[in-house]
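So the chains spell out like this:
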Amino acid sequence: MPGPSEGAAAPVALRELLVELNDLKRVRSAGRAGSVAERLFAQGWSALTGGAAPEAVALEITAKTLAACRLCDLDAPFLASAGLSEAAVGDVLVAGFDAVTPELEAGLRGRLRERLRSREALEAGSLPGFVAALAQQPRAGVTCPGKPRILLEPPENHAEHCLMVAVYGVVLSPFYRADPTTVFLAAMAHHFHNAAMPDAGFTGEMLLGDHLGPIMARTTQWALDELDPPLRATVERARAVLPDDATAEGRAFHAADAIDRVLQIAQHLRAASLTMGTVLDEMELVHAGPVKGFHDRVLKDMRIP
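All of these numbers come straight from a predicted model, not from anything done at the bench.

S.K.: What is the right way to read the environment of A200 from this model?
M.R.: On the secondary structure map, A200 appears in the loop between α9 (180–188) and α10 (201–208). Residue A200 is classed as partly exposed on the basis of its relative accessible area of 33%. Note: C-alpha distance between A200 and R139 (61 residues apart in sequence) is 8.0 Å.

In structure tokens, the structure reads:
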């Protein structure tokens with residue numbers, strides 16, 4: 001995969017994967033609270049507080065997210081409960097992963113595939129309070145100083161955004177020659193202030209004026225103080241890349257953050273412009289099977305669409 005030294009600011013070959021991954025902020029299943037992205041955010045922090053190495057957590061959560069891109073909640077616990085052997089579970093997860101990752105950098109792709117077959121379970125720790133708070137905190141929507149906000153329902157929450165930016169950051173890290181673990185941790189922690197601070201968007205931040213910096217610093221510290229000292233120090237080091245794009249890790253993070261913010265809005269626009277031709281012809285909503293002919297006649301006679 002060519003890097004930024006070849007002139008491009010981002011790897012367009014990964015565009016379709018990032019678009020598809022974004023929908024995990026909206027995929028839910030019976031008996032499971034929150035979206036897939038929200039739950040993976042919690043799993044990541046649980047593994048970190050449980051003492052797992054940050055690198056292992058970054059790879060594990062990214063691999064699970066990529067597999068879920070097509071499999072959704074057909075995850076390892078469900079597949080095992082449905083009677084699949086450990087080997088069969090790995091086969092299914094890798095099949096889902098392989099379906100969406102042909103453009104991933106080969107070295108990273110290999111490491112992520114290994115995680116899906118790994119027998120090493122990451123121990124779960126207690127969840128800091130900021131995890132639930134970020135999941136309950138909706139993002140502001142589209143805001144601009146001096147103009148009314150544009151709200152698109154349903155809103156994403158900050159846990160979903162942080163998880164998606166973290167996974168995007170890992171996927172993009174080879175292009176920027178960045179350390180994926182640092183990018184992952186920085187992204188998972190980049191909205192710590194919003195665990196306590198309601199999100200009024202760019203407009204609200206500008207209206208706070210000189211108060212913005214101290215408020216963000218104080219509310220960020222509240223979240224950091226929930227972590228044990230060794231993990232807190234690791235997270236603080238990772239967060240040092242957030243202010244600018246002076247480092248490879250900063251560039252990978254800011255690319256991931258910008259892409260996620262815009263794709264979140266693009267999803268709403270895509271849904272609004274969906275046509276029946278796409279649904280019936282391209283996506284085969286009434287798909288091939290023993291009653292396909294009958295289904296087609298019913299729709300024709302009912303003048304649908």
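Next comes the rest of the account.
S.K.: Hey, could you run me through the side chain of T219 in this one?
M.R.: Mapped onto the elements of the fold, T219 is located in helix α11 (residues 212–224). Apart from residues lying up to four places away in sequence, T219 is in contact with F192, H193, A196 and M197.

S.K.: I tried to follow the pattern of salt bridges on my own but got confused; where do I start?
M.R.: Within this structure, the stated rule accounts for 21 salt bridges. The partner of R28 in a salt bridge is E160, and the shortest N-O contact between them spans 3.7 Å. One end of the pair, R28, is in the loop between α1 (15–22) and α2 (36–49); the other, E160, is in helix α8 (residues 158–176), with 132 residues separating them in the sequence. Among the ionic pairs, E120 bridges to R115, the shortest N-O distance being 3.4 Å. Classification of E120 as partly exposed rests on a relative accessible area of 46%. The class for R115 is buried, based on a relative accessible area of 12%. Through salt bridges with shared partners, one network takes in K25, R139, E156 and D260.

S.K.: Just to check I follow, could you spell out the packing of aromatic side chains for this structure?
M.R.: Aromatic ring pairs are defined here through the distance separating the ring centres and the angle between the ring planes. If you walk through the whole model with that rule in mind, you get four aromatic pairs. With a centroid separation of 5.1 Å and 85 degrees between ring planes, the pair formed by W45 and F130 is classed as edge-to-face. Within this pair, whereas W45 is found in helix α2, its partner F130 is found in helix α7 (residues 129–136), the two being separated by 85 residues in sequence. With a centroid separation of 4.5 Å and 50 degrees between ring planes, the pair formed by F130 and F192 is classed as tilted. Separated by 62 residues along the polypeptide, F130 in helix α7 and F192 in the loop between α9 and α10 bring together distant segments of the chain. Aromatic rings pair up to connect W45, F130 and F192 into one cluster.

Reading guide: rules and limits
Residues numbered from 1 in each chain as written. Predicted model: local features only at pLDDT ≥ 70, side-chain atom pairs only at ≥ 80, totals over all residues. Heavy atoms only, no water. Helix = DSSP H or I, 4+ residues; strand = E, 2+ residues; numbered from the N terminus. Buried < 20%, exposed > 50% of the residue type's maximum accessible area, 1.4 Å probe, protein only. Contact = heavy atoms within 4.5 Å. Salt bridge = Lys/Arg side-chain N within 4 Å of Asp/Glu carboxyl O. Phe/Tyr/Trp six-rings, centres within 6.5 Å; stacked < 30°, edge-to-face > 60°.

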